[in-house]
Each structure stands twice: as C-alpha cells, then as structure tokens.
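Chain by chain, the residues run as shown.
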Amino acid sequence: MEQTQQTDVIVTEGVTKVYAADGIPVNALNGVDLTIQSGEFTALVGPSGSGKTTFLNIISGLDSPTDGKVWLAGKVLSEMSGNELSDFRRDHIGFIFQAYNLIPVLSVEENVEYIMLLAGVPKAERHDRVIAMLTSVGLEGVADRMPTQLSGGQQQRVAIARAMVSEPTIILADEPTANLDSKTGADLLEMMHRLNAETGMTFIFSTHDPMVMESAQRLITLRDGQIDSDETK
Amino acid sequence: MSQLTVVLEMTRYSKYIMGVILFGVVVFGIINTLFMSLYERMFEFGVLRAVGTRPFGMARVILFEAGALAIVSIGLGTILGFVLTGVLAHVGIDYTGIEMMGVTMQEFIYPVLEVQQFIIYPIWVFIFTLIAGLYPARHVAKMAPVDAMRRSF
Ligand SMILES: Nc1ncnc2c1ncn2[C@@H]1O[C@H](COP(=O)(O)OP(=O)(O)O)[C@@H](O)[C@H]1O
Ligand SMILES: [Mg+2]
C-alpha cells in the first residue's frame, strides 16, 4: 500500500448500536473507533453476530448509530437530510451484497446503469460506461440478458459492475463470496484486487472466507461489537 | 305522475350512495393492491433506496403504478360500460310487473348512454386512485433501507 496521498474516507468515533427488538436490548456495536483511508483493501472479520453487517450499514448511512459519529468523505452522516444522504450514497458508495441483489425485472445493462441514471448521466455515456465496465469484470455480451439467465458468479460480477461503474469513493461488500463456490469466489476476489489497484477505490468487505482474509491488506477483527484486533500487512 | 318523480328522485339518490360505496371499495382495493405489490418487492425497493434513490423517487414509483392502474382500469371499465349499456339500450331491461313505491313498471327500460358519464367518472377514478396511492407512496418514502432489506445487508 502506498502511503502517499491518502485521505481518511471513513472515520468512526465511539460508534454504538443497540437494537431494541422485542424489548430486549442487543448491543451490536460497543464504541467502534476506526479510520479507513483511501485505497485500502480491508476485510472485516469476526464470528457471526459480531456486528460486521451492522457496522457496514452504519458507515454507509443505511442505518444510524445509537451513539457515536461517522464521517464519510469528510461529512458527518447524522447531519444529512434524507435526500442528501441518498445522493451521498449514490455518489460515494458502491454496494455489493451477499445475495447479489440485482433488480430481477431489469436487464443487466439497466441494473448497471441505474445509479448513473439517478445521477443524470446522458444515455450514450451510460451505455459506453456500462459496456466498458462489464468488459472489465469479464462479462462481454450479456448486457441485454436478464439477471436470472446468469449464474451466481456472473450475477455477482454484475453486482460488482453496478457498484463500481459510477466510480464511488468506497465499495462496501457484505460477505460477497459467501454464496459462491471457492473457484468463482477466488476469481472474483482477484478481480476486485485488480480493480482496487487500477482505480484506487477503497474496498471494505466483511467475510468469513479465509481466502478473502488472506488477500486483504488490512484485517479488522470484530468481537462482540468491539474491535478485537487490527492488523495491516 | 308525482310518484314517478319521487321514484326518479330516489333513483338518483341511491345512485349517489352506490357511487360513494363503490368508490370506497375501489379506494380500499387500490391501497390493498399497491401495498401487496409493494411488499412482494420490498427487498428490491430496499436495494433501490440503498444505492441512492431519493425518498421521493421511491414514492414516485408507487404513484406511477397507481396512475397506470387507474388508466388500465378506466380503459377496461369504459369499454365494458359502453358495450354493456349499448347492448342493453338495444334489448332493454325487463322490469315489467316490478313495483317500486307504488308505481308498477309496464315496459322495458332502455338505458341511455350519457357521454358525460364516460368523462366525469374516469376523471374521478383517476384522481381517487392517485389519492389512494399517496398512502403507500408515503410508506415507501419513509421506509428505512435496512428495514426493507432485512434479509441481507
Ligand atoms: N434488526 C435487528 N434487530 C435486533 N438485533 C439485531 C438486528 N440486526 C442485528 N442484530 C443483532 O446484532 C448483533 C450483530 O449482528 P450483525 O451485525 O448482523 O453481525 P454479523 O454481520 O457480524 O453476523 C447480533 O447479535 C444480531 O443478532
Ligand atoms: Mg452479517
């Protein structure tokens, strides 16, 4: 990892999340202080229930912390309105979900271009960028297909293309390889590595997968909603 | 003759009541339909929200659907009403021997197509459908993305 020209893309301070489902409070996060710098390729690991998903939700503004503060690209998330937060997610965050989460009624191209559509990118440019992005993730010629006509690995590639095409500041991926066989997962990981190196986009993913942990530059371990260890290779 | 006036007055009155009830049922049906189709796609709506669709952008989807629902229903309803009334205007409805408020019908009743009805009611249906759509639309706009996507992220 180069140490030049790095900026803090995510800073959390005392982030705490208490779920109050069914009247029994669950402390999902207990004061997480963390700084993620641009260009990082970081894995968030820890046993199931340790708070990985909750943490990703909070740093992306999908959920709000019970206590503590989150800065994303220099702005405090809790101070933004609904529209500002939506626009901020659109412009700064690319999501890759465990279950691919493509919109089933939209074609591959429509899925990938959706965020650019929201951002008002002209049609011709959208098309060119979608095709270039699909090529870059190894999916030439599937732009007109529907997601259900693709394999799991291909769908996850489409999801990666969707997350990356608008060149967000950060890519957040919650267990991106969990539903894939190990070969497909390895290919995908290698691809994300390449895209990280080429574009300098920041990648943060939660994972159980030893292979993913292996390839991460920084490994943050969560336990009971707290940072247990934080190593940079 | 005055009795017939009363009957006609009654008919008009009951037409209004029927109208109100029908509209009530329709509004309820529309809200129900929109909510059902919304819940079926909750997860996808969550994804759209997560990737940066503004709250109003989400509401707009529902309002468009309500509008589309209204237009299709109006189209079908108008055709059906036109054909049915047209046919009945020709063959008539057999009311002979039926008594109402002391007036006994002696003849067939022939409904008359009133063009006005085919304009006013569709406009009402459209407006009411959009109004009915506001409630589910508001629900979608206010929904937290994590709640919608509970299954994963
Ligand atoms: N919506 C929720 N309501 C109540 N408790 C929750 C909710 N989401 C997560 N939790 C709890 O918070 C803790 C952390 O969960 P999560 O962030 O999903 O962990 P991980 O992703 O590491 O498996 C767990 O104990 C989980 O049961
Ligand atoms: Mg999780």
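Figured I'd write up the structure that's included with this text.

What counts, and at which threshold
- Residues numbered from 1 in each chain as written.
- Chains lettered and ligands numbered in written order.
- Predicted model: local features only at pLDDT ≥ 70, side-chain atom pairs only at ≥ 80, totals over all residues.
- Heavy atoms only, no water.
- Helix = DSSP H or I, 4+ residues; strand = E, 2+ residues; numbered from the N terminus.
- Expected span 1.5 Å × (residues − 1).
- Buried < 20%, exposed > 50% of the residue type's maximum accessible area, 1.4 Å probe, protein only.
- Arc of directions from axis to C-beta.
- Contact = heavy atoms within 4.5 Å.
- Buried area = accessible area lost by both parts, 1.4 Å probe.
- Salt bridge = Lys/Arg side-chain N within 4 Å of Asp/Glu carboxyl O.
- Polar contact = N/O pair within 3.5 Å; in protein donor to acceptor, adjacent residues only side chain to side chain.
- Nonpolar A, V, L, I, M, F, W, Y, C, P; charged D, E, K, R; others polar.
- Pairing = 2+ DSSP bridges.
- Axes fitted to C-alpha atoms, helices over the stretch in contact; angles between N-to-C directions.
- Patch = residues over 30% accessible without salt bridge, like charges linked within 9 Å, V, L, I, M, F, W, Y side chains within 5 Å.
- Areas by Shrake-Rupley, 256 points an atom, 1.4 Å probe, with all protein chains shown as cover.
- Near = heavy atom within 4 Å.
- Phe/Tyr/Trp six-rings, centres within 6.5 Å; stacked < 30°, edge-to-face > 60°.

Okay, helix α4 (residues 123-136) of chain A next. Residue and element names in this part refer to chain A. Along its 14 residues, α4 runs 20 Å from first to last C-alpha, staying within 8% of the 20 Å computed at 1.5 Å per residue. All of the buried residues along α4 are Arg126, Val130, Met133 and Leu134. Angularly, the buried residues of α4 cover 100° about the axis, an arc narrow enough to put them on a single face. The outward face of α4, more than 90 degrees from its buried face, is lined by the exposed residues Ala124 and Asp128. The first or second residue beyond α4 is Gly138, which carries a positive phi of 75°.

Residue-level contacts link 27 residues of chain A with 16 residues of chain B. Among the residues of chain A in contact with chain B, A:Leu62, A:Phe97 and A:Tyr114 are the three that bury the most area, contributing 24% of the side total. Taken together, the connections running from chain A to chain B amount to one salt bridge. A salt bridge links A:Asp87 to B:Arg54, with the shortest nitrogen-to-oxygen separation between them at 2.6 Å. In this structure, the connection of chain A to chain B is made through six residue pairs in polar contact (both at pLDDT 80 or more). Broken down by secondary-structure element, the contributors of at least two residues to the side of chain A that touches chain B are α1 (52-59), α2 (82-92), β6 (93-96), α3 (108-118) and β7 (170-174) of chain A. A per-element tally of the side of chain A that touches chain B places α2(A) first, with six residues. Looking at the side of chain A that touches chain B residue by residue, the classes come out as 13 nonpolar, eight polar and six charged.

Turning to the sheet that holds strand β8 (residues 202-206) of chain A, a few remarks are in order. Residue and element names in this part refer to chain A. Strand order in the open sheet made by the six strands is β6-β7-β8-β3-β9-β10, with mixed pairing throughout. The two strands at the open ends of the sheet, each matched to only one other strand, are β6 and β10 (226-232). Along the sheet, successive strands turn relative to each other by an average axial angle of 15°, direction set aside. Here strand β3 (residues 41-45) pairs with strand β9 (residues 218-223) via four bridges, running parallel. The residue of β9 that forms the bridge with Leu44 is Ile220. The strands that α2 touches are β6 and β7; relative to β6, the one it contacts most, it runs at about 75°. On top of the sheet, helix α5 (residues 152-164) reaches β6, β7 and β8; it is set at about 170° to β6, its chief contact.

Residues and elements named next belong to chain B. Taken together, the side chains of Val115, Ile119, Ile120, Tyr121, Ile123, Trp124, Ile127, Ile131 and Leu134 make up a nonpolar region of the molecular surface, amounting to roughly 850 Å² of accessible area. Within the secondary structure layout, Trp124 lies in helix α4 (residues 117-142). Trp124 gets classed as partly exposed once you look at its relative accessible area, which sits at 42%.

Around ligand 1 sit 13 residues in total, of which A:Gly49, A:Gly51, A:Lys52, A:Thr53 and A:Thr54 are the nearest. With respect to ligand 1, the chains having nearby residues are chains A and B. Contacts to ligand 1 include A:Gly49, whose backbone N or O atom sits 2.7 Å from an oxygen atom. Contact between ligand 1 and A:Gly51: an oxygen atom at 3.1 Å from a main-chain N or O atom of the residue. In isolation ligand 1 offers 560 Å² of accessible surface; the protein chains occlude 70% of this area. When contributions to the shell around ligand 1 are tallied by element, the ones reaching two or more residues are β2 (26-37) and α1 of chain A. Take the shell around ligand 1: its biggest share by element is three residues, from α1(A). Residues belonging to the shell around ligand 1 are distributed by class as follows: five nonpolar, six polar and two charged.

Once that is clear, we can look at the packing of aromatic side chains. Within this structure, the stated rule accounts for nine aromatic pairs over all chains. Ring geometry for B:Phe35 and B:Tyr135: centres 5.5 Å apart, planes at 65°, overall edge-to-face. Here the residue B:Phe35 occupies a position in helix α1 (residues 2-40), and B:Tyr135 occupies one in helix α4, the gap between them amounting to 100 residues. What makes B:Phe35 buried here is its relative accessible area of 13%. Arranged with centres 6.5 Å apart and planes meeting at 25°, the rings of B:Phe108 and B:Tyr110 form a pair that is stacked. Note on B:Phe108: relative accessible area 37%, which makes it partly exposed. The rings of A:Phe41, A:Phe203 and A:Phe205 are connected pair by pair, giving a single aromatic cluster.

Residues and elements named next belong to chain B. If you trace the backbone, Val26 turns up in helix α1. The exposure class of Val26 is partly exposed, given its relative accessible area of 37%. Linking Val26 and Ile109, residues 83 residues apart in sequence, is a C-alpha distance of 28 Å.

Moving on to the sheet that holds β2(A). Residue and element names in this part refer to chain A. The four strands lie next to each other as β2-β1-β4-β5, forming an open sheet whose pairing is antiparallel. In the strand order of this sheet, the two ends are held by β2 and β5 (75-76), each with one partner. Across five bridges, the pairing between strand β1 (residues 8-19) and strand β4 (residues 67-72) is antiparallel. Bridge pairing in β4 places Glu13 opposite Lys69.

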